[in-house]
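# Inside the fold
Residue strings, one per chain:
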Amino acid sequence: MALGGTRILDFTRLGFGAQATLICGCLGADVIRVESTKRPDPVRVMPPYVPEPGSHGEGFGAATLANATAAPSPNRGGIFYKYNTGGKRSITVDARHPEGLALLKRLVAEVDVVTESFAAGTLERWGLGYDVMAAIKADLVYVSMCGFGHEGPDTRHVTMGPTAQALTGLTFLTGLPDRAPAGWSFSYLDHVGGYLGAVAIMAGLAHRRRTGAGQHIDVSQLEPATALSGAILLDALCNGRPARRPGFPTGNRRSHPPAAPGGAYRALGPDRWVVISCRTEDQWAALVQALGRPAWADDPRFGTLAGRAEHADDLDRHLEAWTATRDRYEVMELLQGAGVPAGAVQDAADRLERDPQLAARGHFTLLGNDEVAPLPLEGLPVRMSATPPRTGGLLDRGPPCLGQDNEQVLGELLGLSADEVATLAADGVLS
Amino acid sequence: MTDGPARPGPGPLAGVRVIECGDPSGEYGGRLLAGLGADVVKIEPAGGCESRHIGPFLDDQPGVDRSLAFWADNVGKRSVVPADDAELGELCTRADVVLHTLGPAEAARRRLGFEALHRVNPGLIVCALTPFGQTGPWADYLADDLVLMALGGSMAACGYGPGPDGADDTPPLACLGDQAWRTASTYAAIAVLAALAWRDEGGTGQLIDVSAHECSASMTEWHLMTYLCSGAVHRRGPHPTLTAADGRLVAALNPDFLGPHVFAGMLAMLETEGVAGPLSDPRFADPVYRSANYREVWRALKRLAARHDGEALYQLGQEAGLPWGVIRSPEEVADDRHLAARGHFVALEHPELDRPVTYPGAPFIAHASPWVMTRRPPLLGEHTAEVRAEWSATPGGR
């Protein structure tokens, strides 16, 4: 695998940091999560919980809501499973115990990369700041990932995905004209921050290959997002056309380049929608043909892309009258067959159970662990011919149970015997 | 990295030659590689690539060298207009990476099929970024960013949700800015970095097959797990916001699940501000009681919001340890003091203009291998002769 031989000591938690090391694990890095039994990763112990084996009904999504109300174990937190595939291993070490800290220092000497997503200054307070780690291992690549990063006046500020989305313009850019933003109902920037965290890790490794030098790379949750507004930001800065203006943002309508028709159209069924987006005259002609050449399509106002964009409300009304009586996938298949970009608005259940493309691509991998029966999990959604990424990582297994790999990791990396590990556990060091 | 004399330059990918061609969906990926120091050469037709024809344009005057859509994602690249596909093929023999957006048939027609390129340049990493990937029943389907946002699941989870009557009278929404394309582009850059690492350790080149649909489907946080765990499908609806005295909105997250310190910090701030009201009752320290009486918490926060402007309310929340954020438009982000102190936004000279242009810069701070942000987006064909001469002088590839 591409990152085979790379070892990461991973102190990340929640989504943002864990997304970065998930990517590295799927690429073959040995990712060793350092965790605490006293302060477990919050996503280990929050709902929704993965059901007990055998408690599934028909289909994966049929587990009962009752299952989602109990927390039988830190190994069932559902969101943990989203971010901790990649064959990550888990050890539990109490950094506040002197012997625990000593153990962590010995581990630092054995790895290529240290990652963490605590508030700035946390590792320093433990006595494990970058200076300490660099003295142990000069060429260490240390990647910190936290809301506002480790430099600058507001490093004490904290973020979750929606915070960063608000502050960087992404919440603003999701909404209908002249209404309050709808924003994202989930933490898109936990993903994006994690992607750039993975870029930072691999950039640090590339720099080390060239120069032999390690470094501290400081990833925040804000900077990975500023380029995501693309030309909208430049339009404001260069042309003096602020995004905060009447009629903007434009919902699903796109003007650069324009698509008309372009948007989500109501389909048959409760809250079912299908997206259709025509950017060219060819696509429009194909759409009209596929619709059976309805009379309204001959309206001269719809004769050009500019005309269709100008009269989009009327155009959309006609088109939606057609889509509203049809199944969203039926519309998609009919239009795609005719050469018109179209796609069903899919939710999580659709992706898992109705999307033939994801299934054919092997998007989901069935993985479990000692406590959880195999369930379809996502990893790195990219295919590589010579070094295929694996959702189960090097070990080909699901997300780790808390502290599952104490004996293995401490034996393999530090040469500790099973008895020595047992003694450390009894002394509360491995907690 | 490339054998022979490397192009001098900073960045962890200095000396890595990247050829980028195709539609706008992969341009952000090329921009990321350029920021890491790679020599990214954009291959364009004589009339200019697609994004050069997309607005908005500088001063609203169209022109291939005035497109802000092009500028946004092509900072740091060079532009080459090859005489024909044969010359493009010749450049590919001297490159480390080809990043394109072509399906298998079109790639073969342009002589960019992986097998053919691999035969002449075994170290070449070819990354094909397409809407649905090279295989599967939808491989030939068409999609722009909006279609990908629909199929991937983001749209189903974004929007206003049901109105007061329970009817879904507004559609699912996709964020502007081509987010599915950007996610796919970012994954392309990640895979290229991994493939380069493997090649440095003695591996060969390879084909990277990026399906923007798969990438888009991977970015909806806990929605898949919620369904797997509970059978419930996440519905769209905005996060809670407070309206400040100046009308600005503040995303006001109160993550009780992180521990009792979250409410304690909030309460102390509300008491200092004199708006805590019933929340000072010790019963509110119990998360179960608090949850059952959450409207009192929200009422107190509204009293607070009415006293402050948005930016100040955001700072107050943060000082109390709460992950609050004022909702800013993109241009308002450029005024952020923290990003300014981190040197994030970079003004690049455009010698043909009377003013520099400000761009978002490094996505992270790496002092030992700084983000490379020195070259403005290229004029059409600006580097055709230069690249031809440089690349033919060194063998390149492996």
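Attention here is on the structure that accompanies the text. (Residues numbered from 1 in each chain as written. Chains lettered and ligands numbered in written order. Predicted model: local features only at pLDDT ≥ 70, side-chain atom pairs only at ≥ 80, totals over all residues. Heavy atoms only, no water.)

Right, let's get into the overall build of chain B. Looking only at helices and strands, chain B has 16 helices and twelve strands in total. For chain B, the spread of C-alpha atoms along the principal axes amounts to about 80 × 50 × 45 Å. Carbon together with sulfur atoms contributes 56% to the accessible area of chain B, which is approximately 13600 Å² in total. Charge separation in chain B, taken as the distance between the mean sites of 33 positive and 50 negative side-chain charges, equals 2 Å. (Helix = DSSP H or I, 4+ residues; strand = E, 2+ residues; numbered from the N terminus. Areas by Shrake-Rupley, 256 points an atom, 1.4 Å probe, with all protein chains shown as cover. Lys, Arg positive; Asp, Glu negative; His and termini not counted. Charge placed at Lys NZ, Arg CZ, Asp CG, Glu CD.)

A count of helical and extended segments in chain A gives 17 helices and twelve strands. Considered along the principal axes of its C-alpha atoms, chain A spans approximately 85 × 55 × 40 Å. Looking at chain A residue by residue over its 431 residues, the buried ones come to 63%. Within chain A, counting contacts between residues at least 6 apart in sequence, those at least 24 apart form 71% of the total. Per element, the accessible surface of chain A, about 14400 Å² overall, is 53% carbon and sulfur. Charged side chains of chain A number 40 positive and 48 negative; the gap between the two group centres comes to 3 Å. (Buried < 20%, exposed > 50% of the residue type's maximum accessible area, 1.4 Å probe, protein only. Contact = heavy atoms within 4.5 Å.)

The next point concerns the packing of helix α10 (residues 281–290) of chain A against helix α13 (residues 328–338) of chain A. Axes are the key here: two packed helices are described by the angle between their axes and the distance separating the axes. All names here are of chain A. One way to put it is that α10 packs onto α13 with a least axis distance of 9 Å and a crossing angle of 125°. In this view, α10 runs oblique relative to α13, as classed from their interaxial angle. Crossing angle aside, the handedness with which α10 passes α13 is right-handed. Taking contact as the criterion, the partners of Ala 286, Leu 287 and Ala 290 in α10 are, on α13, Leu 334, Leu 335 and Ala 338. Here the residues of the contact of α10 with α13 are counted per class, giving six nonpolar, no polar and no charged. (Axes fitted to C-alpha atoms, helices over the stretch in contact; angles between N-to-C directions. Parallel < 35°, antiparallel > 145°, perpendicular 65-115°, else oblique. Left-handed = near helix turned anticlockwise from the far one by under 90°. Nonpolar A, V, L, I, M, F, W, Y, C, P; charged D, E, K, R; others polar.)

Now for the interface of chain A and chain B. In many reports, interface size means the accessible area that the parts give up when they come together. Of the residues lining the interface, 157 residues belong to chain A; the matching set on chain B comes to 151 residues. Taking both partners together, chain A and chain B bury about 13000 Å²; carbon and sulfur atoms supply 64% of that area. One can count twelve salt bridges joining chain A with chain B. With its nearest N and O atoms 2.7 Å apart, the salt bridge here joins Asp200(B) to Arg209(A). If you look at where chain A meets chain B, you find 72 residue pairs in polar contact (both at pLDDT 80 or more). Ranked by the residues each element gives to the side of chain A that touches chain B, the list is headed by helix α7 (residues 188–211) of chain A, at 14 residues. A per-class count over the side of chain A that touches chain B returns 86 nonpolar, 46 polar and 25 charged. (Buried area = accessible area lost by both parts, 1.4 Å probe. Salt bridge = Lys/Arg side-chain N within 4 Å of Asp/Glu carboxyl O. Polar contact = N/O pair within 3.5 Å; in protein donor to acceptor, adjacent residues only side chain to side chain.)

This part is about the sheet that holds strand β7 (residues 262–266) of chain A. Residues and elements named next belong to chain A. Reading across the sheet, the three strands line up as β7-β8-β9 and stay open at both edges, with antiparallel pairing between neighbours. Only two strands of the sheet have a single partner each, and these edge strands are β7 and β9 (342–344). Mean inter-strand twist for the sheet, computed between neighbouring axes without regard to direction, equals 20°. Here three bridges tie strand β8 (residues 273–277) to β9, and the two strands are oriented antiparallel to one another. The residue of β9 that forms the bridge with Val 275 is Gly 343. (Pairing = 2+ DSSP bridges.)

Moving on to the pattern of salt bridges. Throughout the structure, instances matching the rule amount to 64 salt bridges over all chains. Here Glu412(A) makes a salt bridge to Arg89(A), at a shortest N to O gap of 3.1 Å. Here the residue Glu412(A) occupies a position in helix α16 (residues 406–414), and Arg89(A) occupies one in strand β3 (residues 89–92), the gap between them amounting to 323 residues. Ionic pairing is found between Arg388(B) and Glu87(B), a salt bridge with its closest N-O pair at 2.5 Å.

A separate point is the pairing of β7(A). Residues and elements named next belong to chain A. Where burial is concerned, most of β7 is hidden: four out of the five residues are buried. When β7 meets β8, the two strands line up antiparallel, connected through five bridges. When the sheet's bridge partners are listed, Ala 264 is paired in β8 with Val 275. Counting the residues in the hairpin turn of β7 and β8 gives six residues, including Gly 269, whose phi is positive at 110°.

What follows covers helix α12 (residues 294–305) of chain B. Residue and element names in this part refer to chain B. Spanning twelve residues, α12 covers 17 Å between terminal C-alpha atoms, matching the ideal 16 Å at 1.5 Å per step. Where α12 is concerned, the buried positions are Glu 296, Val 297, Trp 298, Ala 300, Leu 301, Leu 304 and Ala 305. Looking at the buried residues of α12, the elements they touch are β7 (241–243), β8 (249–252), α10 (260–272), α11 (287–292), α13 (310–319) and β9 (324–326). (Expected span 1.5 Å × (residues − 1).)

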